[in-house]
Each structure stands twice: as structure tokens, then as C-alpha cells.
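The chain contents come next:
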Amino acid sequence: MEPGSGPGGGAAAAGAIKGRRENEVWHLKISKLALAFAIIHSKPPGKSCKEYTEHLAKTVSERDFGWKSKVEVLEAEVLRLRQELLLNKICPRFCLENGKPDASAETLLGQEGINPVSYSSQLEDSGCDVSNDYAFDSLGIASDFHQSEHNVDTSKCLLEGVPPLSLCSTSKKSLTVPVQFLQHLLEIRKLSEEGILQADFTELENDSVTVRNSVSQLLDGLTVFYNSPKFPVSNFLTEAVSVLISFITNNKLSNHVLKKCFKKLEEFKKNLIQIILRNSSVNRFQALHAVSHTLVLLGRNNILRNSLISLLLPEVRKFAEQLLQAQQIQAMYDITQYENIFPLCMILEQLLQNETEESNVSSADYDGEEKIRFLENLDQIILHLSDEFPLFSLFLWRVSVLLNSAQIQID
């Protein structure tokens, strides 16, 4: 028998562990006591021990914050250099200068470009339009959506240059580097397809970390904006959204993003959905418009659309059940939540409509269990809610029709 393997040995080992923990606790108490004496002896006259302790704590925290800021700056610079190196590996002729393609590349690009997505409808949005016309028309999204659908077609057009970093405010700096990087990849892809440049996109697989970190940084920056939006939306921000959508809808480039960034994109979509549901600001409708617009555009990618539908179905169903329960017990319901559920219904209807119109995409691709759970006893819920909540009931019915019609097409 090995030493310490018997009952006596186990007890000895436990006693040793307990002794070490007691020593650690004792040393911690002694350290705290020594620190207290040091503070008392070094305390300047005219300050209490409490004031001096708070002053020391603030000084230490400021130093920590300073180091954290320096680390973030260095990490951002490392990412920028890795992006530049990766672009040069993919296409040596395509070099970066001040965040823009070189002169020869600009000459090759000519006058091609797109205009940022129009958000003019946000400027005078009162948030009071609840008509039964097509859902996205009521928010002014339909025209913007079709415009963006044209914008993200990278086989026909290129993105305009992103403003140099020096021209961007602090809130934009975190977006500038990833936007420029993804934009340059789109430009290289366009030029290589036209035979103007030779590019080796297998390098994206060899350095997937750079792509993942760039997309993650862009998504984090957009999340920060949507959490605390400022209107009117700047052209730079709409450009950032357009670059993201262009990248994930490009047949040649989207796979690299979906392979390495799918979890991050899922987290981004969940965050946007929660931002819509939890927004209680009086003038929140512009923000809801912007977030809804981005979610719809993300749905232009078939894989992201299917997962987005799977995220939206349970949210709408859950609210319908809560509303029915409140009605049955004659309880008060949250009017803010009621208003906020409509953007989700509109997004869901738009995504299902797009899916139905695309014969090459099967509705079975998204979670079948979520669909079954959503449709279960839905007719009864609609029947009970239709008198008091006709508009919401109408949306539930339209979504159910789209789900059932998609299933009929598959059968």
C-alpha cells in the first residue's frame, strides 16, 4: 500500500490542507493589519484615515485604468498590423496607405460605389403609426430595405471609402479599423473577379483569427451604439452596417465569417432582440427602427435568417401567452412591451416572406421544434386576443399563414 493511501493517510492529507488554509487566512489578516498600520503612519495631517484610504484606492484604480487603456491601444494596433499583413498576403499589389487603397487601386476602382442607406425617415418619426398596411412600410423600412438590398450586392458595386481614423470621433474609432479591413477584402474580391488583380483567398483560412477578431470588434461597436443610439444616424455608422451585410452576403467571403464567427453573430442577434424588447425610452421608435433594419439585413444570409427566425418565434409566442394570461385574469399588461413586440413581428414576417419567395430555401432549415411550439393552439390564442388586441392578433395570423404555406410548398 502506498503511503497516505489508507484511512490514516487520508486524514493526514486533509489535515495538511486545512493547516495550509489556516496559514493563508492568518497571513491575509496580518497583511491587512500591516497595510492599516502603514496607512495610519503615512497619513498626511488634515486627512482622516478613511479619506486617505479612499484617496489611495482611487489612485490605484486610476493607474489600473491607465494600463488597461494602454493595453487596449496596443491590442488594436496589433490587430491593424495583422489585418494589413493578411491583405498583403492575399493580394501583394493591394497595399494600404492611410486606411485607403493606393492610387493605382483607386484608379482601377473608378467611380464605382454606393450611397449610404437612407435613414431620413427617422428624423421625423413620432412612433405613432400603427396602421394595418404592410408592416415595414409603417416604420419607413420598406424603402430603406430595398435600397440596402441593392447596396449589399457586391457583384455590382463597391463600397465607398471609410473616413480616415483621424476624422472619426472616439465612438467611431473602434469601428473604423474593422470596417476598413472588411471593405478592403470586398474590394479585392471584386477586382479579382473582374481579372484586374490576382488574389489568394486561401490565406483567410490560414489566419482566421484576424477575420474573427475584426468581425467581433465591429459587432461589439454596433452593439454599443444600439444600446445608446444617437440620431440622426451618421453616414459612417450606416456604412459600417452596409460593410457587414455586404461581407456576410458575399458568396465567396461569407463562409469564412460563418465558420469562425457564428457564435458571435448569434450573440449579436440576441443582443439586438433584447434591445428592442427592453427599450422603454419615450422616443425609442427611431432606435427600434435602426435595430429592426439591421436584423432584417442580417436575414439576407440564409443561414443567419434561419437562426434568426428560430430566435424570434419563441419571443413572439411567449409574449402572446403572457398577454392571454393577463387578459384571462383581467390583469394590467405592460404597454411598452406590447409596443415593442411589433418590430419583432414585422421582422419575423419579413424574413418568412423572403423565405417563401425563395424556392431554393427550405423552411425546414430552421428549428422545427420552435415552429411546432409556435403553432400549437395558436388559433385559440388568436381567437381570444382578437377582440381586445386586433393588430397583434393579425400579425400572429399572418405569421402562422406564412409558416403553414412554407410547409405546404415543401410537402
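These lines cover the structure that appears in this document, whether it is placed above or below. (Residues numbered from 1 in each chain as written. Predicted model: local features only at pLDDT ≥ 70, side-chain atom pairs only at ≥ 80, totals over all residues. Heavy atoms only, no water.)

So, on to the packing of aromatic side chains. Inspection of the entire model under this criterion finds 10 aromatic pairs. Ring geometry for Y333 and Y338: centres 5.8 Å apart, planes at 65°, overall edge-to-face. Both rings, one in Y333 and one in F389, keep their centres 5.1 Å apart while their planes meet at 80°; by these two values the pair is edge-to-face. In this pair, Y333 sits in the loop between α12 (302-328) and α13 (335-357) while F389 sits in the loop between α15 (378-385) and α16 (390-410), placing the two residues 56 residues apart along the sequence. Taking the relative accessible area as the measure of exposure, Y333 reaches 33% and is therefore partly exposed. (Phe/Tyr/Trp six-rings, centres within 6.5 Å; stacked < 30°, edge-to-face > 60°. Helix = DSSP H or I, 4+ residues; strand = E, 2+ residues; numbered from the N terminus. Buried < 20%, exposed > 50% of the residue type's maximum accessible area, 1.4 Å probe, protein only.)

A few words on the nonpolar core. If you look at soluble globular proteins, the nonpolar side chains tend to sit buried side by side. With 86 residues, the main nonpolar core has L185, L222, Y226, L295, L344, F392 and L396 as its most contacted residues. Among the elements that line this core, the one with the most residues is α12, at 11 residues. (Core = buried A, V, L, I, M, F, W, Y, C linked by side-chain atoms within 4.5 Å.)

This structure, assessed with the given rule, holds 12 salt bridges. In this structure, R80 engages E77 in a salt bridge whose closest nitrogen and oxygen atoms are separated by 2.8 Å. On the criterion of helical spacing, the pair formed by R80 and E77 is a turn pair, its members being three residues apart in helix α2 (residues 49-90). Two residues, K259 and E205, come together in a salt bridge whose shortest N-O distance is 3.4 Å. In this pair, K259 sits in helix α10 (residues 254-278) while E205 sits in helix α7 (residues 203-206), placing the two residues 54 residues apart along the sequence. (Salt bridge = Lys/Arg side-chain N within 4 Å of Asp/Glu carboxyl O.)

Once that is clear, we can look at the side chain of Q83. Assignment of secondary structure puts Q83 in helix α2. Polar contacts involving the side chain of Q83 include one to the side chain of S214, which spans 2.6 Å. Not counting the four nearest positions on each side in its chain, Q83 is found in contact with V177, P178, F181, T210 and S214. (Polar contact = N/O pair within 3.5 Å; in protein donor to acceptor, adjacent residues only side chain to side chain. Contact = heavy atoms within 4.5 Å.)

Moving on, we get to a nonpolar patch on the surface. Together, W26, I30, L33, F37 and I40 make up a nonpolar patch on the protein surface, roughly 510 Å² of accessible area in all. As for its placement among the helices and strands, W26 is situated in helix α1 (residues 7-42). (Patch = residues over 30% accessible without salt bridge, like charges linked within 9 Å, V, L, I, M, F, W, Y side chains within 5 Å. Areas by Shrake-Rupley, 256 points an atom, 1.4 Å probe, with all protein chains shown as cover.)

At a closest axis distance of 10 Å, the pairing of α12 and α15 adopts a crossing angle of 45°. Comparing their axes, α15 and α12 come out oblique. Considering how the two elements wind past one another, α12 and α15 form a crossing that is left-handed. In this structure, α12 uses R317, A320, E321, L323, L324 and Q327 to contact α15, whose residues at the interface are L378, I381, H384 and L385. Of the residues that constitute the contact of α12 with α15, the class distribution is six nonpolar, two polar and two charged. (Axes fitted to C-alpha atoms, helices over the stretch in contact; angles between N-to-C directions. Parallel < 35°, antiparallel > 145°, perpendicular 65-115°, else oblique. Left-handed = near helix turned anticlockwise from the far one by under 90°. Nonpolar A, V, L, I, M, F, W, Y, C, P; charged D, E, K, R; others polar.)

The next point concerns helix α14 (residues 368-375). Every buried residue of α14 is accounted for by E370, K371 and F374. Down the axis of α14, the smallest arc covering the buried residues is 100°, so these residues share one side. Facing away from the buried surface of α14 by more than 90 degrees, the exposed residues are E369 and I372. (Arc of directions from axis to C-beta.)

You can see I372 is positioned in helix α14. For I372, a relative accessible area of 60% corresponds to the exposed category. I372 sits 31 residues away from L403 along the chain, and the two C-alpha atoms are 9.8 Å apart.

Even without a glycine there, the phi angle at Q330 is positive, about 55°. Mapped onto the secondary structure, Q330 falls in the loop between α12 and α13. Although it is not a glycine, N377 adopts a positive phi angle of roughly 55°. Examined against the element boundaries, N377 turns out to sit in the loop between α14 and α15.

This part covers the environment of Q274. Tracing the sequence through the fold places Q274 in helix α10. Assessed through its relative accessible area of 25%, Q274 is described here as partly exposed. Between the C-alpha atoms of Q274 and N227, which are 47 residues apart in sequence, the distance is 9.9 Å.

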